[in-house]
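Listed below, chain by chain, are the residues.
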Protein chains: 2
Amino acid sequence: MSVYQATVSAPVNIACIKYWGKRDTKLILPTNSSLSVTLDQDHLRSTTTSRADPSFDKDRLWLNGKEEPIEPVGRLSTCISEMKRLRAAVEAQNPSAPKLSTFPVHIASRNNFPTAAGLASSASGFAALVASLASLYDLPATPSQLSLIARQGSGSACRSLFGGYVAWEMGTLPDGSDSLAVEIAPREHWPDIHALICVVSDDKKGTSSTSGMQRTVETSALLQHRIAQVVPARMDAIKDAILRRDFPAFARITMQDSNQFHAVALDTDPPIFYLNDVSRAIIALITEYNRAAGAIKAAYTYDAGPNAVIYAPKENIKEIAELLLRYFPQAEPFADPFSLGVDNHGRLPDGFNEKVAKTFPVASVKGFIHTRVGDGPRKLSATESLLGSNGLPTFLA
Amino acid sequence: MSVYQATVSAPVNIACIKYWGKRDTKLILPTNSSLSVTLDQDHLRSTTTSRADPSFDKDRLWLNGKEEPIEPVGRLSTCISEMKRLRAAVEAQNPSAPKLSTFPVHIASRNNFPTAAGLASSASGFAALVASLASLYDLPATPSQLSLIARQGSGSACRSLFGGYVAWEMGTLPDGSDSLAVEIAPREHWPDIHALICVVSDDKKGTSSTSGMQRTVETSALLQHRIAQVVPARMDAIKDAILRRDFPAFARITMQDSNQFHAVALDTDPPIFYLNDVSRAIIALITEYNRAAGAIKAAYTYDAGPNAVIYAPKENIKEIAELLLRYFPQAEPFADPFSLGVDNHGRLPDGFNEKVAKTFPVASVKGFIHTRVGDGPRKLSATESLLGSNGLPTFLA
């Protein structure tokens, strides 16, 4: 008897133009378009195995070895039922196709990065879920079509259906059918962009992005101006910068938009803060790094948390890593996956004003992850399945 | 022979609607109107003695016992020469008036609060300078007329010419003659408003407000929306709240405008941060204090630095002080100038979620100053003169 199963991995993405605010909370339709860089799955990924089997009792899902309930009207069940609906259409077209849409599914998913790293795993997780079901169901859907479904799991997940440089076009239709991800440029267009993620410790549990963004929509006097005036122009400008591989233009917009996202969070009532003193110090260091160089050689960006992501051309990463190691000493050596020969004692670039920040205690930055722009979801072989022959995860928490 | 001399004290003011941005940097004309509460000179004041004497060689000024140069085209010389011009008009009208406008002046000024407290002393300082010269010159000018001159010394100084609740109306004329302070309500209208100033330590020297606000004018995409849309409505609403003595409405606008000022600072390129982790924790504590009470019982506001000013009705101050002492332990006991019987060990209000902040190390908040709404500039007696019979300060640094 056939085993109907697929395993897929999907990447993390980090936005340069930030998504913050929904115009429809059920369909997850955003108040503005956004744009991100997909990071390399060699370093950060969610892997998901989906299996359809008529012998299963019901749909079940395990995340990092722990079973998660599939709420009847929740985001998970929306994604699974939408995928089954697409499969049913295939079956209607082709009567010889097995009736997988009628079988319960078991889904096992794992992230290769710790939850404690504070990296949003919902984007890569929902992208992997949707991509694995698309593979299982052998759907003729494009990544943009799949992004419509991933979006309903977690908004930013739609951007993880593509590699490279990806826009989420907000769309205008009430049913959300034009609110989808499109590729602006593949990784190969500009493969030189690297990312250095600074995992920052925080005493304080931040406001969840889901509740925080709606509080901003309801109370910020500045958000509407951002939505109507600022983001449309920035989307055009950053797409142009990507197509021209203009790093200074790309970096300036990225930093401005990160700052503006945190500005509208602060303009919320009560205010929302994600940046802490360590985050602020990293901004000061990157600002001074660019000033001392007389050129924009690095960009910072922050999502809904204190972690910094530094985007820079590969050639600048050694210098940036050493600068950060000077202010944020580490107990463990820098992992250095690209063999740059980073000096763990840290080093200041020429002309750098070292007084722009103090040296922080060890573990103020818990660690660095060096990665780069990457590709879209990957189909993996059966040997990488997360489900055993019994239909249960091979790994349980 | 007559001694022509006057000694005046002037108060500090703390804005509820913030001034941030100039449309004319020479005349100090703001991009938006602002509104403040004048604080009590019994606790915080600048005192200034001005003397005119034909035997003096030139205009001289001492600040806290240290002589400060009077630059030929600087803010000090603008204020002094404008005051002499008003005196000359008096002399032209009344030929028997002594020709004080032709005499050099000696000016000695002191603040009764340490510079290290991080409280802006330029507002009370320029107000005291202008008020002391107005007294020396026996000018018939109203406080609003004097505010036009104090404004050219330091924008927010114009608001320290009045006690109580004071607006700085931005005006529209290019010469600035309608950009002046007006009293919205005297102290006696709403004497119950108290202020608890939290003096916060900071590792980092912040961006000066003079340079920072112009960077915001030049680079923030959100500031113009604040100027055109948000502030005019808030000015109307907070004046109305003051006239109705509606503390919750007053407090809500005050907090929103503090947050929005810091939001546009963050939207500046490169971004400007004044709030640090201690400032953020105080915001979280006041937010939770109001939530737990089910009513807005306190408002925070922050100027261009990490210090918090908490406005609240007097009856809430003991509870607020004890709450803050719980999270920010002090080496010295709370000064308690109003004899509230504050418990130095700190205490949580009923229903307060203590996890909204961690307990900080001693001296994270360097101290608390408890004061209240106060009156405008006071003329002092000759016994309080800061200049000796030799025309030099009685106190030298």
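Since we're looking at a predicted model, the values are computed, not measured. (Residues numbered from 1 in each chain as written. Chains lettered and ligands numbered in written order. Predicted model: local features only at pLDDT ≥ 70, side-chain atom pairs only at ≥ 80, totals over all residues. Heavy atoms only, no water.)

Caption draft 1: Molecular detail of the overall build of chain A. Summing up its helical and strand segments, chain A has eight helices and 16 strands in all. Expressed as a percentage of the 397 residues in chain A, the buried residues total 58%. Taking as baseline every contact in chain A between residues at least 6 positions apart, the subset at least 24 positions apart corresponds to 76%. Just so you have it, chain A exposes about 15,400 Å², and 53% of that area is on carbon and sulfur atoms. Of the side chains in chain A, 40 bear a positive and 40 a negative charge, and the two mean positions are spaced by 1 Å. (Helix = DSSP H or I, 4+ residues; strand = E, 2+ residues; numbered from the N terminus. Buried < 20%, exposed > 50% of the residue type's maximum accessible area, 1.4 Å probe, protein only. Contact = heavy atoms within 4.5 Å. Areas by Shrake-Rupley, 256 points an atom, 1.4 Å probe, with all protein chains shown as cover. Lys, Arg positive; Asp, Glu negative; His and termini not counted. Charge placed at Lys NZ, Arg CZ, Asp CG, Glu CD.)

Caption draft 2: Up close: the relation of the copies chain A and chain B. With an RMSD of 0.0 Å, the operation that places chain A on chain B is a rotation of 180 degrees combined with a shift of 0.0 Å along the axis. Viewed as a symmetry operation, the transformation between the two copies matches a two-fold axis. Residues of chain A ranked by C-alpha distance from the rotation axis are headed by A:Ala263, positioned 2.1 Å from it. When the interface residues of chain A are mapped onto chain B, 100% of them are again interface residues, pointing to one common binding face. (Least-squares fit on C-alpha atoms with pLDDT ≥ 70 in both.)

Caption draft 3: A look at the interface of chain A and chain B. Of the residues lining the interface, 30 residues belong to chain A; the matching set on chain B comes to 30 residues. For the pair chain A and chain B, the two sides together bury roughly 2,500 Å², of which 61% comes from carbon and sulfur. Here chain A is connected to chain B by nine residue pairs in polar contact (both at pLDDT 80 or more). Those elements giving two or more residues to the side of chain A that touches chain B turn out to be helix H5 (223-243), helix H6 (247-266) and helix H7 (277-293) of chain A. For the side of chain A that touches chain B, the leading source of residues is H6(A), giving eight residues. (Buried area = accessible area lost by both parts, 1.4 Å probe. Polar contact = N/O pair within 3.5 Å; in protein donor to acceptor, adjacent residues only side chain to side chain.)

Caption draft 4: Spotlight on the packing of aromatic side chains. Residue and element names in this part refer to chain A. The tally for this structure, following the rule as stated, stands at 26 aromatic pairs over all chains. Arranged with centres 5.5 Å apart and planes meeting at 75 degrees, the rings of Trp 190 and Phe 250 form a pair that is edge-to-face. On the criterion of sequence distance, the pair formed by Trp 190 in the loop between strand E11 (180-185) and strand E12 (193-200) and Phe 250 in helix H6 is long-range, its members being 60 residues apart. Exposure remark for Phe 250: the relative accessible area of 0% places this residue in the buried category. When the ring centre of Tyr 327 is taken as origin, the NZ or CZ atom of Arg 326, which lies over that ring, is 4.6 Å away. (Phe/Tyr/Trp six-rings, centres within 6.5 Å; stacked < 30°, edge-to-face > 60°. Lys NZ or Arg CZ within 6 Å of the ring centre and 35° of its normal.)

Caption draft 5: Seen up close, the domain arrangement of chain A. All names here are of chain A. Examined at the domain level, chain A breaks down into domain 1 (4-189 + 377-384) and domain 2 (193-372). The C-alpha centroid of domain 2 is placed 27 Å from the C-alpha centroid of domain 1. Of the roughly 3,200 Å² buried between domain 1 and domain 2 on both sides combined, carbon and sulfur atoms contribute 66%. Ranking the residues of domain 1 by area buried against domain 2 places Lys 18, Trp 20 and His 189 at the top, with a combined share of 27%. At the boundary of domain 1 with domain 2, the tally comes to three salt bridges. On the surface where domain 1 and domain 2 come into contact, there are 15 residue pairs in polar contact (both at pLDDT 80 or more). (Domains from an automatic or database assignment. Salt bridge = Lys/Arg side-chain N within 4 Å of Asp/Glu carboxyl O.)

Caption draft 6: Spotlight on empty space enclosed by the protein. One pass over the structure, following the stated rule, counts four cavities of 30 Å³ or more. Together, 16 residues line the largest cavity, and A:Leu266, A:Phe273, A:Leu275, B:Leu266 and B:Phe273 are the ones closest to its centre. Here the residues of the lining of the largest cavity sort into twelve nonpolar, two polar and two charged. Taken as a whole, the second largest cavity encloses approximately 60 Å³ of empty space. Around the second largest cavity, the lining residues are B:Trp62, B:Asn64, B:Gly65, B:Ala108, B:Ser109, B:Arg110, B:Leu386, B:Pro393, B:Thr394 and B:Phe395. A total of three residues in the lining of the second largest cavity trace back to one element, the largest contributor, which is strand E9 (residues 105-111) of chain B. Residues of the lining of the second largest cavity, tallied by class, amount to five nonpolar, four polar and one charged. (1 Å grid on protein atoms, 1.4 Å probe; cavity = no way out; pocket = protein on both sides within 12 Å on 5 of 7 lines; lining within 4 Å. Points joined across faces, edges and corners; volume = space filled by probe spheres on them. Nonpolar A, V, L, I, M, F, W, Y, C, P; charged D, E, K, R; others polar.)

Caption draft 7: Fine view of the sheet that holds strand E9 (residues 105-111) of chain A. All names here are of chain A. Taken together, six strands build an open sheet; the order of strands is E8-E7-E9-E6-E1-E16 and the sheet is mixed. The sheet terminates laterally at strand E8 (66-68) and strand E16 (378-380), the two strands that pair on one side only. Between one strand and the next, the sheet's axes are offset by a mean angle of 25 degrees, whatever the strand orientation. Pairing of strand E1 (residues 4-11) with strand E6 (residues 45-52), which is carried by eight bridges, proceeds in the antiparallel orientation. Residue pairing across strands places Val 8 opposite Thr 48, the latter belonging to E6. (Pairing = 2+ DSSP bridges. Axes fitted to C-alpha atoms, helices over the stretch in contact; angles between N-to-C directions.)

Caption draft 8: Broad picture of unusual backbone geometry. With an omega of -10 degrees, the peptide bond between A:Asp269 and A:Pro270 qualifies as cis. Along the chain, A:Pro270 falls in the loop between H6 and H7. One non-glycine residue, A:Ala363, lies in positive phi territory at about 80 degrees. For A:Ala363, the position within the fold is in the loop between helix H8 (314-327) and strand E15 (365-372). The class of A:Ala363 is partly exposed, set by a relative accessible area of 40%. Of note, B:Asp138 is a non-glycine position whose phi angle comes to about 55 degrees, a positive value. Relative to the assigned elements, B:Asp138 resides in the loop between helix H2 (122-136) and helix H3 (143-153). Residue B:Asp138 is classed as exposed on the basis of its relative accessible area, which comes to 60%.

Caption draft 9: Local environment of the pairing of E1(A). All names here are of chain A. For E1, the tally of buried residues reaches six of eight residues, placing the bulk of the element in the interior. With three bridges joining them, E1 and E16 adopt antiparallel strand pairing. Looking across to E16, one finds that Thr 7 is bridged to Leu 380.

Caption draft 10: The environment of B:Asp192, seen in detail. Residue and element names in this part refer to chain B. Examined against the element boundaries, Asp 192 turns out to sit in the loop between strand E11 (180-185) and strand E12 (193-200). The spatial distance from the C-alpha of Asp 192 to the C-alpha of Glu 315 is 8.4 Å, given a sequence separation of 123 residues. With near-sequence residues (within four places) excluded, Asp 192 lies in contact with Ala 312, Pro 313 and Lys 314.

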